Amino acid sequence: MGAVKTKRMPRAVREQQMLDAAVRIFGQRGYMAASMDEIAELAGVSKPLVYLYLNSKEDLFTACIRREAKALVAAVRAGVRPDLPSDRQLWEGLGAFFAHTARNPDAWSVLHLQARTHGEPFAAEVTAMREEIVAFVTQLILTGARDAHHDPDLPEREVAGLAEALVGAAESLAAWANATPGVTARQAAATLMNFAWAGLGDLMAGRPWSPPGEERAGDEQVAKEQADEEQAAKEQAAKEQAGAQAG
């Protein structure tokens, strides 16, 4: 391979150029198969310059993961407007997620496939990104449920489990959508929204699903609480009436 002549440009711009090339090569060829020669050639720089800027293949891959994870989280957050109803917030968030992964399939391959299968510290970087997204979705669902049901004691742990499941489903669906011709980001978002919202809608309305056998027990508990409230109200009314007669 001949020497690569490069134009002078700011270091930050050159570094992003190298990361662009690296994401493409890592995403399409995989971490192990990717070579620094390929990355340098695609970036239009010499291999020694890549090492000068980014030290090693491992450091280059880590830099790619961090950049793409930050971009994905920012895209999801930017896609959700807090003034919208809860279902619209979820819809917009899913739309932003699938639109970003569809526009950046190589970056999604780096995050979803490559980083997770080559051990630490790569997997830890993706785990941190995922935890941030799960926390964001947890608060989104929790706020919507509390606003709809006016229940300040809705268990956050239960909602966090739902957020974990939703994010996991979105990750798998994004990989499937990117590999399936003709599936748009909007279609992927609608698929997951239809799958998830029926259950979330009931949760936000205070109607969580219960396993067989527990549902009746739950109904009996609600009936007992209502009966206790009615009895307490009657006793209070009787006291007030007795007090009025004594006066």
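Starting from 1, residues in each chain are numbered consecutively following that chain's sequence as written. Where local features are concerned, this predicted model is filtered to residues with pLDDT of at least 70; where side-chain atom pairs are given and counted, the filter is 80 or more; whole-chain, interface and lining totals use all residues. Values shown for side chains rest on all heavy atoms present in the structure; no hydrogens or waters enter the calculation.

A. Quick look at the overall build of the chain. By the criteria applied, helices consist of DSSP H or I runs no shorter than four residues and strands consist of E runs no shorter than two, each listed in order from the N terminus. Tallying secondary structure elements over the chain gives 10 helices and zero strands in all. The order of α-helices and β-strands along the chain, N terminus first, is α-α-α-α-α-α-α-α-α-α. Nonlocal contacts in the chain, meaning residues at least 24 apart in sequence, comprise 69% of its contacts between residues at least 6 apart. Note on definitions: a residue-residue contact is assigned when non-hydrogen atoms from the two residues lie within 4.5 Å.

B. Molecular detail of the packing of helix α4 (residues 57–79) against helix α5 (residues 86–103). The axes used here are C-alpha line fits, helices contributing only the stretch in contact, and every angle between their N-to-C directions lies in the interval 0 to 180 degrees. At a minimum axis separation of 7 Å, α4 and α5 run at an interaxial angle of 145 degrees. Two packed elements cross with a definite hand, and for α4 against α5 that hand is right-handed. Across from Ala 71, Leu 72, Ala 75, Val 76 and Gly 79 in α4, the residues of α5 making contact are Glu 92, Gly 93, Ala 96, Phe 97, His 100 and Thr 101. The residue inventory of the contact of α4 with α5, partitioned by class, reads six nonpolar, four polar and one charged. Working rule for handedness: look at the near helix, and if it is turned counterclockwise from the far one by less than a right angle, call the crossing left-handed; if clockwise, right-handed. Side-chain classes are defined by residue name, with Ala, Val, Leu, Ile, Met, Phe, Trp, Tyr, Cys and Pro counting as nonpolar, Asp, Glu, Lys and Arg as charged, and the others, Gly among them, as polar.

C. Highlighting helix α1 (residues 11–29). Take the number of residues in a helix, subtract one, and multiply by 1.5 Å to get its expected span. In a regular helix each residue adds 1.5 Å, so 19 residues correspond to 27 Å; α1 covers 27 Å between its end C-alpha atoms and thus fits that length. Buried residues belonging to α1 abut α2 (36–43), α3 (47–54), α4 and α6 (105–114). Remark: Gly 30 follows α1 within two positions and exhibits a positive phi of approximately 90 degrees.

D. View of the nonpolar core. Among the nonpolar cores identified, the biggest contains 62 residues, and Phe 26, Leu 60 and Phe 98 are the most heavily contacted of them. Among the elements that make up this core, the one with the highest residue count is helix α7 (residues 122–149) (10 residues). If sequence neighbours within four positions are ignored, Phe 26 has contacts with Tyr 31, Ala 34, Ile 39, Lys 57, Leu 60, Phe 61, Cys 64, Val 110 and Gln 114. What we call a nonpolar core is a set of buried Ala, Val, Leu, Ile, Met, Phe, Trp, Tyr and Cys residues that are connected through their side-chain atoms within 4.5 Å. Relative accessibility under 20% of the residue-type maximum defines a buried residue, over 50% an exposed one, and the middle range a partly exposed one, all with a 1.4 Å probe and only protein chains included.

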